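Secondary and tertiary structure notes
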Amino acid sequence: MMTFPQALDSLLAATPLLPTERIRIENAAGRVLRQDIVADRDFPPFDRVMMDGYAMRKADLDGMRDFTVIASAPAGVPVVPLPESAGACIEVMTGAPLPTGADCIVPVEETERLGDVVRIASGFEAVPHRFIHSFGSDAKAGASLLNGGKLIGSREIGVAASCGAAWLEVSKLPRISLLATGDELVAVDEIPAPHQIRQSNAHSISCALSRAGYPVISAGCLRDEGDTQETHLRKLLGESDWIILTGAVSKGARDFIPALLDRLGCRRLFHGVSQRPGKPAGCWLGSAGQVIMALPGNPVSALTGLHTFVLPALAVSSGIAPP
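An account of the accompanying structure is given in this report. Since the model is a prediction, treat every value here as computed from it, not as a measurement. (Residues numbered from 1 in each chain as written. Predicted model: local features only at pLDDT ≥ 70, side-chain atom pairs only at ≥ 80, totals over all residues. Heavy atoms only, no water.)

Concerning the overall build of the protein chain
Helix and strand content of the protein chain: 7 helices and 22 strands. Computed over C-alpha atoms, the radius of gyration of the protein chain comes to 31 Å, more than 25% over the 20 Å expected from 2.2 N^0.38 for 323 residues, which places it beyond the range of a compact globule. For the C-alpha atoms alone, the extent of the protein chain along its principal axes is close to 95 × 40 × 35 Å. Within the protein chain, the fraction of its 323 residues that count as buried is 44%. Within the protein chain, residue pairs in contact and separated by at least 24 positions form 69% of the contacts whose partners lie at least 6 positions apart. Surface exposure of the protein chain reaches about 15,900 Å², of which carbon and sulfur atoms provide 55%. Between the centroid of the 29 positive side chains of the protein chain and the centroid of its 34 negative side chains there is a distance of 8 Å. (Helix = DSSP H or I, 4+ residues; strand = E, 2+ residues; numbered from the N terminus. Rg over C-alpha atoms; globule rule 2.2 N^0.38 Å. Buried < 20%, exposed > 50% of the residue type's maximum accessible area, 1.4 Å probe, protein only. Contact = heavy atoms within 4.5 Å. Areas by Shrake-Rupley, 256 points an atom, 1.4 Å probe, with all protein chains shown as cover. Lys, Arg positive; Asp, Glu negative; His and termini not counted. Charge placed at Lys NZ, Arg CZ, Asp CG, Glu CD.)

Structure representation (structure tokens):
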């Protein structure tokens, strides 16, 4: 019997790295990035105004309070030049390029507009470069902004979009099949007999996998007795990267999973872990590298095994660093 760290380490070491695919950025949320994202230009790409107000020279403010508004510079327009004549200013909006020749911003709250003239509040003291997001201060062109192995969320999408990365290289989704075992199991919408229970493990595990970004391709039940067990499991081995089983994995007379996996030629990584709950948990590898995780049928044990073994291993196989 292995300790939990031994069992987890053996699983992480044996889990194959998933191949990659290129997908549109609109479809990349929740996937694992497998490329670096670099800045395609300096960020910000210009001296960016950070406050609605008026752009001017600090030297002019030292001797006057009334300025003539000669132009307007909203965000999204080319740089507007500030003339060299004293007493001129340009109305600017947040996000606009700083007019050439200007070195300070007076917020609109510190002014009074009188037609084409703006009067600066007497108590306001301008500071050069305040309210200006300096060119290239966030990142220089060519700088690495995201490294491969990151789970893609809203921040990563925003960075990639800002760099023009419309297509992203990500880990392929593993093909996961899920089977609950037991003759006592009936469907959720059936009325169970006194000796039966409704099948819940496949539903709860499938939900947890989907929320983690790993949708299940098939889910079902496998009876404890019958002549179709081997045929069904062999079929799943041919179409799955992962097979997750619950139940029939302990040492009882009807716990058929370990012997069945051995007959199918799967290599046993471990069977039995010194943990509670979930002591009977086991893991096998198929001939093509498929991972077969056999978890106990008790719902708490099954979900514990999912979160302590399956999800960390799926993350590592997707390219995320081991926990």
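A look at the packing of helix H4 (residues 201-211) against helix H7 (residues 299-317)
Running from N to C, H4 and H7 point in directions that differ by 30°, and their axes come no closer than 11 Å. Considering their axes alone, H4 and H7 lie roughly parallel with respect to each other. Crossing hand, H4 versus H7: right-handed. On H7, the residues touching Asn201, Ser204, Ile205, Ala208 and Leu209 of H4 are Pro299, Ala302, Leu303, Leu306, His307, Val310, Leu311 and Leu314. Residue composition of the contact of H4 with H7, grouped by class: 10 nonpolar, 3 polar and no charged. (Axes fitted to C-alpha atoms, helices over the stretch in contact; angles between N-to-C directions. Parallel < 35°, antiparallel > 145°, perpendicular 65-115°, else oblique. Left-handed = near helix turned anticlockwise from the far one by under 90°. Nonpolar A, V, L, I, M, F, W, Y, C, P; charged D, E, K, R; others polar.)

Describing H7
Over its 19 residues, H7 extends 25 Å from the first C-alpha to the last, a length consistent with the 27 Å expected when each residue adds 1.5 Å. Considering bend angle alone, the principal kink of H7 is centred on Leu306 and spans about 40°. The opening residue of H7 is Asn298, an N-cap whose side-chain oxygen sits 3.0 Å from the backbone nitrogen of Val300. Positive backbone phi, at 110°, marks Gly319, one or two positions downstream of H7. (Expected span 1.5 Å × (residues − 1). Bend = angle between axes of the 7 residues up to and from the residue. Polar contact = N/O pair within 3.5 Å; in protein donor to acceptor, adjacent residues only side chain to side chain.)

Some thoughts on the environment of Val300
Note on placement: Val300 falls in helix H7. Overall, Val300 belongs to the exposed group, its relative accessible area being 54%. Separated by 37 residues in the primary sequence, Val300 and Arg263 place their C-alpha atoms 29 Å from one another.

Don't take any of this as a statement about function, it's just geometry.
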